[in-house]
Amino acid sequence: MYGNYLDDAAKIVAERREANITFEHARLTADEKDEILKKYHPDRIATQFEELKIGPNKGQKAPLELAEILQAKPRMEPENIDLDHVDYETDVLVIGGGGAGTSAAIMASEAGAKVLLVTKLRVGDANTMMAEGGIQAADKPNDSPAQHYLDAFGGGHFDGKPELVYTLVNKAPSVIKWLNDLGVEFDKESDGTMVTTHGGGTSRKRMHACKDYSGAEIMRTLRDETFNRADTITVVDFTSAIEIIKDDAGNAAGAVLMNMETNEIYIAKAKVVIIATGGAGRMHYQGFPTSNHYGATADGLVLAYRAGAKLLYQDSLQYHPTGAAYPQQILGKLVTEKVRSLGAKLVNKNGEVYIHPLETRDVNASGIIRECKNGNGIDTGIGGSAVWLDTPMIEAIHGEGTILKRIPAMYNMFIKYGIDIRKEPILVYPTLHYQNGGVEIDKACHTNVPNLLVAGEASGGVHGTNRLMGNSLLDVVVFGREAGIEAGKLFKNIKLASKLSLQHVKDFEKERSAAGITSDTVSPKLLPRYTHGNPEFDKTIPGATK
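In short, a report on the structure. Numbering of residues starts from 1 in each chain and follows the order in which that chain's sequence is written. In view of the model being predicted, local features appear only for residues whose pLDDT reaches at least 70, and side-chain atom pairs are presented and counted only at 80 or more, with totals across whole chains, interfaces and linings using the full set of residues. As a rule here, side-chain values come from all non-hydrogen atoms in the structure, and water together with hydrogens is ignored.

## Some remarks on the sheet that holds strand 19 (residues 438–440)
Note the threshold: By definition, two strands form a pair when at least two bridges between them are found by DSSP. Counting from the N terminus, the helices are DSSP H or I runs at least four residues long and the strands are E runs at least two residues long.
Taken together, three strands build an open sheet; the order of strands is 13-19-21 and the sheet is mixed. Edge strands, defined here as strands with exactly one partner in the open sheet, are strand 13 (311–312) and strand 21 (459–460). By the bridge criterion, two bridges tie strand 19 to strand 21 in an arrangement that is parallel. Note that in strand 21 the partner of Val 439 across the bridge is Ser 459.

Here is the structure:
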């Protein structure tokens, strides 16, 4: 029970539940989808974007917050960095310890490379760990990679790079087998057949899951495999990359590293560099809450951009339609799409099912925003409005016990606050969830900077301008592996650079000056800053990163 006025509001949903279960809302037409996106999706608000003045994407638009850090001052002055004092030498440097970074490290190690994996928090402190619903793969008799391709390419508004979408869907079945063989505990029937379900925008049931702890289970397995390879993979945690280093020919040749606790600077020299730093939810674009982990601050985009790598769809973000909107303690936390794939429907304050629950994420997010702006939302009492997600429908459809069996994490998240999702609907509103765009790559994860590869959420082009459920976990493992495999080939024909350079950083500073950019903002951001209005948190702490 909510124990307040929301109990009365929830009664309206309960009274219409039986009728709503049998009611199937029509799918929106292509024109209707375009219209709702144009009017209500945050990516379409022109005032929230600005034109980049410098860099490889000069003249293109980016979110205001991203534009600021892409064009910000470096965290260090190149003249103060001693590149002759090398602290680490390695074949392959992997920046980031999430699903993509660990997959890359494992496959590069498999190829015989000496790998250095640096991560600003701990291995596994990543959006991969927080993914819930599942991972797509067309490995059932009634499905095919071709069908998966059509769903993913269309779901991304036909903006994805075809060769990347092709790689994603065709590698998917083998990736599921690889993860299963490593020890991922996928949901299975008694005979060993993997359980699969629908996701928004999917034409087949191809979502493989580990209850609603899918990302955590996959990350657990990849982390363990990484640590099991300690003879070839060296992990340096609580250490951020703050600048890519090049050789005198312009090839990526390492990175400037910074210890997150002491601010000490280290130099890593490498034959191949892989950026796998994840997303940007903690940038809180347009003031949205986020489902992302604490370190998701678009660092990889900054590192790559300053090194001269092009971005793609940097103006496209995914606002997951169902972020928790109540209570305040879990504002923005992800309510997995699996809740809707099991039958829960979105309902406005009048008890009406106003949209199909499995429309694509951008369409459903826009639908929720529309309902709230048009007065059909529910006042949450914490500074916003929301719509209901009628979770009791799940057990009405599938039987008692389904929620604890299939989505225990969702039950546990709400029951702590006295809300039993088996009996009461929950309030949801879009939350900043995924960075659709990123560094442009080819199918082998190359950028336009030689020897600089990018994998996972930091890359752009795999999902076009909208991602389907289950293709993020697939993306990080598929392209993490591809980056590791490619690095495992490249390093054998590359010698460690004899001369290291940060000339590109100096050139970037000159470009900033010429463009009249005078902001004192520094980047990469590394961590978000939350003061909650407490002046004590605004005081300068000696030795702290600005």
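## As for the packing of aromatic side chains
Any aromatic ring pair is given by two values, namely how distant the centres are and how the planes are angled relative to each other. Put simply, the rule reads: Any two rings among Phe, Tyr and Trp, with Trp reduced to its six-membered ring, count as a pair given centres within 6.5 Å; such a pair is stacked if its planes are under 30 degrees apart, edge-to-face if over 60, and tilted if neither. Type-normalised accessible area, obtained with a 1.4 Å probe on protein chains alone, sets the label of each residue: buried when under 20%, exposed when over 50%, and partly exposed for intermediate values. Placement of a positive charge over a ring is assigned whenever Lys NZ or Arg CZ falls within 6 Å of the ring centre and within 35 degrees of the normal to the ring plane.
Per the counting criterion, the structure on display carries eight aromatic pairs. Consider the rings of Phe 153 and Phe 158, whose centres lie 5.5 Å apart with planes at 90°: the pair is edge-to-face. Look at Phe 153 and you get buried, because its relative accessible area is 18%. Note on Phe 158: relative accessible area 59%, which makes it exposed. Geometry around Phe 49 places Lys 61 over its ring, the cationic atom sitting 5.2 Å from the centre. For Arg 467, the ring lying beneath its charged end belongs to Tyr 434, and the centroid distance is 4.2 Å.

## Regarding the pairing of strand 10 (residues 239–247)
In terms of burial, strand 10 is a largely internal element, nine of the nine residues being buried. Two successive antiparallel strands, strand 10 and strand 11 (residues 252–259), enclose a turn made up of four residues, where Gly 250 displays a positive phi of approximately 90°.

## Some words on the pattern of salt bridges
Our working rule: Take a side-chain nitrogen of Lys or Arg and a carboxyl oxygen of Asp or Glu: if they are within 4 Å of each other, that pair is a salt bridge.
Applying the stated criterion to the full structure yields 24 salt bridges. Notably, a salt bridge pairs Asp 8 with Lys 11, separated by 3.7 Å at the nearest N-O pair. Note that Asp 8 and Lys 11 are positioned in helix 1 (residues 6–22) at a spacing of three residues, about one turn of the helix. On the basis of relative accessibility, which here comes to 49%, the residue Lys 11 falls in the partly exposed class. We note a salt bridge from Arg 512 to Glu 509, for which the minimum N-O separation is 3.3 Å. Here Glu 509 and Arg 512 lie together in helix 16 (residues 503–514), a separation of three residues that amounts to about one turn. Judged by relative accessible area, Arg 512 falls into the buried class, the value being 5%.

## Here we look at the sheet that holds strand 6 (residues 135–136)
Working definition: the strands of a sheet are paired by backbone hydrogen bonds and lie parallel or antiparallel to each other. Ordered by their spatial adjacency, three strands build an open sheet running 6-8-7, and the pairing between neighbours is antiparallel. Edge positions in the sheet fall to strand 6 and strand 7 (196–197), since each has one partner strand and no second.

## What to know about the pairing of strand 5 (residues 115–119)
Buried residues dominate strand 5, accounting for five of its five residues. Covered by surrounding structure in strand 5 are Val 115, Leu 117 and Thr 119 together with Leu 116 and Val 118, the residues of both alternating faces. Examined bridge by bridge, strand 4 (residues 88–95) and strand 5 share four bridges and lie parallel to one another. Along strand 5, the bridge assignment pairs Val 92 with Val 115. Two elements, strand 5 and strand 9 (residues 233–237), share five bridges in a ladder whose sense is parallel. Following the sheet pairing, Leu 116 is matched in strand 9 by Thr 234.

None of the figures reported here should be taken as evidence of function without further support.
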